[in-house]
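# Remarks on the overall topology
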Number of protein chains: 2
Amino acid sequence: MHPEFEKYLKENTNLTPDDIHHISSKAVGKTLRRNELLLQSGNVCKQKVFIAKGLLRTYSIDANGNEHILQFAPEHSWTLDVESYDKEIPAETNMGAVEPTEVLLWHKDDFNNLLSEVPELNKLSQQIISRNIYYSRQRMLTTLSATPEEKYDDFIQRFPKLLTRLPLRMIASYLGISIKTLTRIRHNQLQR
Amino acid sequence: MHPEFEKYLKENTNLTPDDIHHISSKAVGKTLRRNELLLQSGNVCKQKVFIAKGLLRTYSIDANGNEHILQFAPEHSWTLDVESYDKEIPAETNMGAVEPTEVLLWHKDDFNNLLSEVPELNKLSQQIISRNIYYSRQRMLTTLSATPEEKYDDFIQRFPKLLTRLPLRMIASYLGISIKTLTRIRHNQLQR
DNA sequence: GAAAAACGTGGTCATTTGACCATAATCAGC
DNA sequence: GCTGATTATGGTCAAATGACCACGTTTTTC
């Protein structure tokens, strides 16, 4: 049904084939073109999103029109605007495709049913939440303590596969530094 | 038994007096002097912490000896090093008292038992986790997008009561700006 | 495959920021 | 209440950073 997703579950959980099909059967697939939005600021995030292929980003736009990227979600990861999803309030962020992307979507009600029907899915879900918490903390610490160059190096270490798929300005936006600073760093690193 | 804590639960949950006493009975109280550490980097965080009175901070020290503050936890809030607590691995952060502080501590096993025995406590716990997630996101966004002055103003708005209890250098450390920048901002704001 | 859009880099310059130091005021602890 | 430690502020200066602009290259898109 959704082969990439089933492969992901097979590799990352102890779910039975039956459960996998059950979960999979509640999902709706969607294809996004480059730059297409999956969630627009002001709308409520009503779905859990699994990225089967491609790359999404979550970002917000400030008063000066500058984008600030909160998250990248590549294939085999999940994303959503938690607060909007939980509280059913308008999102303050946008979610868009960095490159052509295929996602699976579950409506909140369906997913909640699955969570109570399938304990192993619940466990996976908790794991993902935990990992996000740990990483957010780490990211905050890096943001507070590292120099721009250290942030960039950390990014490369952590997301080596994203490096070539993202325009530099998005990396800069994710790291909270200007693109000028980033090209300067790259320039200096080439010298060595 | 622990009047501040019981007051907190009475005001913030629907727990029955019996449950409240039950939860309270598993807690151990501890008094911290100013600057005393509750958790030291390298040790495992084995307890959930409720602050009955006073103010804790969670911070890490970087290679240059600079402190970076991840969290302030004033009275009637909870804290812990999540990753260390969950995985039972050494913490990379310190937790110390900013001012004389009284805390309640629950050992992990005891707290887990309480969570399964008392559904309403579980609900509270989930709420607290959710709020932390929402706030972390917001903080990251502010950190990425705001000017130092905006960060400071945001801090005042969000934690008006902490302003007078914290040395400026800790606010600067929390905001990720130098104390020099902070005094400059304050100087400018006085002029107006 | 051609036109248009997006991208990475570099130059210049003004501004912001931080490091270091000194000083006066305030606070903590006995 | 006194003493020593901590704190907030300000000066100076160097370095880092960002805004703006231009240009050549690469990538999209139709």
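A quick note: this is a predicted structure, and the numbers were derived from the prediction, not measured.

Cut-offs and rules
- Residues numbered from 1 in each chain as written.
- Chains lettered and ligands numbered in written order.
- Predicted model: local features only at pLDDT ≥ 70, side-chain atom pairs only at ≥ 80, totals over all residues.
- Heavy atoms only, no water.
- Helix = DSSP H or I, 4+ residues; strand = E, 2+ residues; numbered from the N terminus.
- Rg over C-alpha atoms; globule rule 2.2 N^0.38 Å.
- Buried < 20%, exposed > 50% of the residue type's maximum accessible area, 1.4 Å probe, protein only.
- Contact = heavy atoms within 4.5 Å.
- Near = heavy atom within 4 Å.
- Polar contact = N/O pair within 3.5 Å; in protein donor to acceptor, adjacent residues only side chain to side chain.
- Nonpolar A, V, L, I, M, F, W, Y, C, P; charged D, E, K, R; others polar.
- Buried area = accessible area lost by both parts, 1.4 Å probe.
- Salt bridge = Lys/Arg side-chain N within 4 Å of Asp/Glu carboxyl O.
- Axes fitted to C-alpha atoms, helices over the stretch in contact; angles between N-to-C directions.
- Parallel < 35°, antiparallel > 145°, perpendicular 65-115°, else oblique.
- Least-squares fit on C-alpha atoms with pLDDT ≥ 70 in both.
- Domains from an automatic or database assignment.

### Brief notes about the overall build of chain A
Regarding its fold elements, chain A presents 8 helices and 6 strands. In chain A, the succession of α and β elements from N to C terminus is α-α-β-β-β-β-β-α-β-α-α-α-α-α. Relative to its length of 192 residues, chain A is compact, with a C-alpha radius of gyration of 18 Å against a globular reference of 16 Å. On the principal axes, the C-alpha backbone points of chain A span a range of 55 × 35 × 30 Å. Expressed as a percentage of its 192 residues, the buried residues of chain A come to 44%. Sequence-distant contacts, at least 24 apart, represent 69% of the contacts inside chain A between residues at least 6 apart.

### Concerning the protein's contact with DNA strand C
Lining the immediate surroundings of DNA strand C are 15 residues, of which A:Arg169, A:Lys180, B:Ser178, B:Thr181 and B:Arg184 lie closest. Put simply, 57% of the atoms of DNA strand C that lie within 4 Å of the protein are in sugar or phosphate. Take A:Arg169: an N or O atom from its side chain is 2.9 Å from a phosphate oxygen of DNA strand C. Between DNA strand C and A:Lys180, the relevant distance is 2.8 Å, taken from a base nitrogen to a side-chain nitrogen or oxygen of the residue. Those elements that provide at least two residues to the surface near DNA strand C are α7 (168-175) and α8 (179-191) of chain A together with α8 (179-191) of chain B. Element by element, the count of residues in the surface near DNA strand C is highest for α8(A), at 4 residues. In the surface near DNA strand C, the residues fall into 4 nonpolar, 4 polar and 7 charged.

### Thoughts on the interface of chain B and chain A
At the interface, 31 residues of chain B touch 31 residues of chain A. Note on chain B versus chain A: buried area summed over both sides is about 2400 Å², and carbon and sulfur give 68% of it. Its largest share of buried area at the contact with chain A, chain B owes to B:Tyr134, B:Arg137 and B:Leu144, together 31% of the area lost on that side. Linking chain B to chain A there are 2 salt bridges. A salt bridge links B:Arg137 to A:Asp81, with the shortest nitrogen-to-oxygen separation between them at 3.2 Å. If one sorts the elements of the side of chain B that touches chain A by residue count, helix α5 (residues 119-145) of chain B sits on top with 13 residues.

### Brief notes about the environment of B:Lys108
Residue and element names in this part refer to chain B. Along the chain, Lys 108 falls in helix α4 (residues 108-117). Lys 108 gets classed as buried once you look at its relative accessible area, which sits at 16%. Separated by 62 residues in the primary sequence, Lys 108 and Lys 46 have C-alpha atoms spaced 6.0 Å apart. The residues contacting Lys 108, other than those within four sequence positions of it, are Lys 46, Tyr 85, Asp 86 and Glu 88. Only 3.1 Å separates the side chain of Lys 108 from the side chain of Glu 88, close enough to count as a polar contact.

### A short note on the pattern of salt bridges
Under the counting rule described, the total for this entry stands at 20 salt bridges over all chains. The residue B:Lys123 makes a salt bridge to B:Glu120 at a minimum N-O spacing of 3.8 Å. Residue B:Lys123 and its partner B:Glu120 are located together in helix α5, separated by 3 residues, close to a single helical turn. One salt-bridge network, held together by shared partners, links A:Arg57, A:Glu67 and A:Arg169.

### Thoughts on the packing of helix α6 (residues 148-158) of chain B against α8(B)
Residue and element names in this part refer to chain B. One way to put it is that α6 packs onto α8 with a least axis distance of 10 Å and a crossing angle of 80°. In terms of their interaxial angle, α6 and α8 are classed as roughly perpendicular. Listed contacts from α8 to Pro 148, Glu 149, Tyr 152 and Asp 153 of α6 are Thr 181, Leu 182, Ile 185, Arg 186 and Gln 189. When grouped by side-chain class, the residues that make up the contact of α6 with α8 number 4 nonpolar, 2 polar and 3 charged.

### So, the protein's contact with DNA strand D
Around DNA strand D, a shell composed of 15 residues is seen, among which A:Ser178, A:Thr181, A:Arg184, B:Leu168 and B:Lys180 lie nearest. Counting only atoms of DNA strand D within 4 Å of the protein, the sugar-phosphate share comes to 57%. Contact between DNA strand D and B:Arg186: a phosphate oxygen at 3.1 Å from a side-chain N or O atom of the residue. Contact distances for DNA strand D include 2.9 Å between a phosphate oxygen and a side-chain N or O atom of B:His187. Contributing elements (two or more residues each) for the surface near DNA strand D: α8 of chain A together with α7 (168-175) and α8 of chain B. Among the elements that take part in the surface near DNA strand D, α8(B) stands out by supplying 4 residues, more than any other. In the surface near DNA strand D, the residues fall into 4 nonpolar, 4 polar and 7 charged.

### Quick look at the relation of the copies chain B and chain A
Once chain B is rotated about the relating axis by 180° and shifted along it by 0.0 Å, it coincides with chain A to within an RMSD of 0.0 Å. Expressed as a symmetry operation, the mapping of one chain copy onto the other fits a two-fold axis. When the interface residues of chain B are mapped onto chain A, 100% of them again lie at the interface, so the same face is used by both copies.

### Quick look at the domain arrangement of chain A
All names here are of chain A. Its domain assignment divides chain A into domain 1 (3-145) and domain 2 (146-192). Here domain 1 and domain 2 have C-alpha centroids that lie 25 Å from each other. Taken together, the contact pairs 21 residues of domain 1 with 16 residues of domain 2. Roughly 1400 Å² of surface becomes buried between domain 1 and domain 2 when both sides are summed, with 55% attributable to carbon and sulfur atoms. At the junction of domain 1 and domain 2, the tally comes to 3 salt bridges. Close ionic contact of Glu 99 with Arg 165 constitutes a salt bridge, the shortest N to O distance being 2.9 Å. There are 9 residue pairs in polar contact (both at pLDDT 80 or more) connecting domain 1 and domain 2. Listing elements by their share of the side of domain 1 that touches domain 2, those giving two or more residues are β3 (47-61), β4 (67-74), β6 (94-107) and α5 (119-145).

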